[in-house]
Amino acid sequence: MRIAFIGQQDFGKAVLEAFLKRGDEVAAVFCAPEKPGAKPDVLKTAAVEKGLTVFQFPSLKSPEAEDAMRGLNADIGIMAYVLQFAPQSFVNIPKHGTIQYHPSLLPRYRGPSSINWPIARGELQTGLTIFRPTDGLDEGPVILQKSCPIGADATLGDVYFDNLFPMGVEAMLEAADLVVAGQHVEIDQDEDAASYEGWFRAAEAEIHWSAHVEQIYNLIRAANPAPGAWTTHDGKKLQIFDCSLHRIRKLADVVGKPGEVIAVDDECFSVCAQGGRLEIRKVKAEGGKKVAAAEYAREAGLAVGQFLGR
């Protein structure tokens, strides 16, 4: 098949390479222009190395972008991680239209941080959707879906790189074949089951030690490796990454108050929260790099009885 490819970053690069590997023809690659001083996107670099035509339009709504797409005579458009808005006048140009990847089980978790939010909410399953892009964000009819578990201790990195990334590459190939062969079925999303969440950024990743320990643990998992859940120590930002959860079963086992450091040893330090404690194993101090929590505790003078987040 002859493909018009629209994408960015590592996922876009992997999908592009998967289509090329099996012998599909990529007519051209559309990717967003770099910001001043930024390195070229890895998708652009890969496309240039392979001798492909690359378009970088500031807006895919422009007449120039539509003219470029129209001139490709593509069988299908493939959108693999796209942050630019692509209007119907652009995506409907290829013979069989365009398909797009989204890392959630639509209509749940529409929006730009659809992997973080289900982890933060303690859900046990997520997945991916291949759908028809419309002018509504992640609102188009569904062509293909794949589900995967969210392990009780799985981080954002685990869910994405072990599941949603490799599954997504294969799903794009599968869905493209179905669409071009005319064997796909398009199912409208159920608006009564839909949800939209915005970006999961630093503001959303702040730890509130008064919350239940499971909520805090889920937040840390959802922000690992990015944007990194955070608290403060001695007035400076401290990001928390690897940790383990320990629930409290009875009153006699309660030690400390929420946010209080209740243990420091050669491997980690522990912080009290409602319903349990968290053993912190990897952190990143403001202006520093990721280090073992025990190393941070020694260097920063973190001691039992101190409070985080105050």
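For the structure itself, consult the block above.
Each chain has its residues counted from 1, running along the sequence as written. Reporting of local features is limited, given that this is a predicted model, to residues whose pLDDT is at least 70; pairs of side-chain atoms are given and counted only at 80 or more, and all residues count toward the totals for whole chains, interfaces and linings. Side-chain measures were taken over the full set of non-hydrogen atoms in the model, leaving aside hydrogen atoms and water.

Enquirer: Would you take a moment to explain the nonpolar core for this structure?
Expert: Generally speaking, soluble globular proteins have nonpolar side chains that are buried together. In this text, buried Ala, Val, Leu, Ile, Met, Phe, Trp, Tyr and Cys residues form a nonpolar core when linked through side-chain atoms within 4.5 Å. The buried label applies to any residue whose accessible area, calculated with a 1.4 Å probe on protein chains only, is under 20% of its type's maximum; exposed applies above 50%, and partly exposed to all values in between. Counting residues in hydrophobic clusters, the biggest one holds 73 residues, and the most contacted among them are Phe-5, Ile-78, Ile-99, Phe-269 and Leu-278. In this description a helix means any DSSP run of H or I spanning at least four residues, a strand means any run of E spanning at least two, and both kinds are numbered starting from the N terminus. Sort the elements by how many residues they give to this core and helix H6 (residues 156-180) lands first, with 12 residues. Only heavy atoms matter for contacts: two residues are in contact if any of them lie within 4.5 Å across the pair. In contact with Phe-269, not counting residues within four places along its chain, are Ala-263, Val-264, Leu-278, Glu-279, Ile-280, Val-283, Ala-293, Tyr-296, Ala-297, Leu-302 and Leu-308.

Enquirer: I keep staring at the pattern of salt bridges and nothing clicks. Help me out?
Expert: A side chain of one charge can pair with a side chain of the opposite charge if their charged atoms are brought near each other. What counts as a salt bridge is simple: a side-chain nitrogen of Lys or Arg found within 4 Å of a carboxyl oxygen of Asp or Glu. Under the definition given, this model contains 14 salt bridges. Residue Lys-44 pairs with Glu-34 through a salt bridge whose shortest N-O separation is 3.3 Å. Of this pair, Lys-44 sits in helix H2 (residues 42-49) while Glu-34 sits in the loop between strand S2 (25-30) and H2, and the two are 10 residues apart along the sequence. Between Arg-281 and Glu-279 there is a salt bridge; the shortest N-O distance is 2.7 Å. Through salt bridges with shared partners, a single ionic network connects Glu-267, Arg-277, Glu-279 and Arg-281.

Enquirer: Looking at this structure, I do not really get the sheet that holds strand S14 (residues 282-285). What am I missing?
Expert: One key point about sheets: their strands pair by backbone hydrogen bonds, in either a parallel or an antiparallel sense. In short, DSSP must find at least two bridges between two strands for them to pair. With antiparallel pairing, 4 strands are arranged side by side in an open sheet as S8-S9-S14-S15. Of all strands in the sheet, those with a lone pairing partner are strand S8 (229-233) and strand S15 (290-292), marking the two edges. Averaged over all pairs of adjacent strands, the angle between strand axes in this sheet comes to 35 degrees, irrespective of strand direction. Bridging between S14 and S15 involves 3 bridges; their strand directions are antiparallel. Each residue of the ladder has a partner; that of Val-283, found in S15, is Val-291. For helices, the axis comes from a line fit to the C-alpha atoms of the stretch in contact; other axes are also lines fit to C-alpha atoms, and the angle between any two N-to-C directions lies between 0 and 180 degrees. Packed on one face of the sheet, helix H8 (residues 293-300) meets S8, strand S9 (236-240), S14 and S15 and runs near 90 degrees to S15.

In short, shape yes, function no, at least from these values alone.
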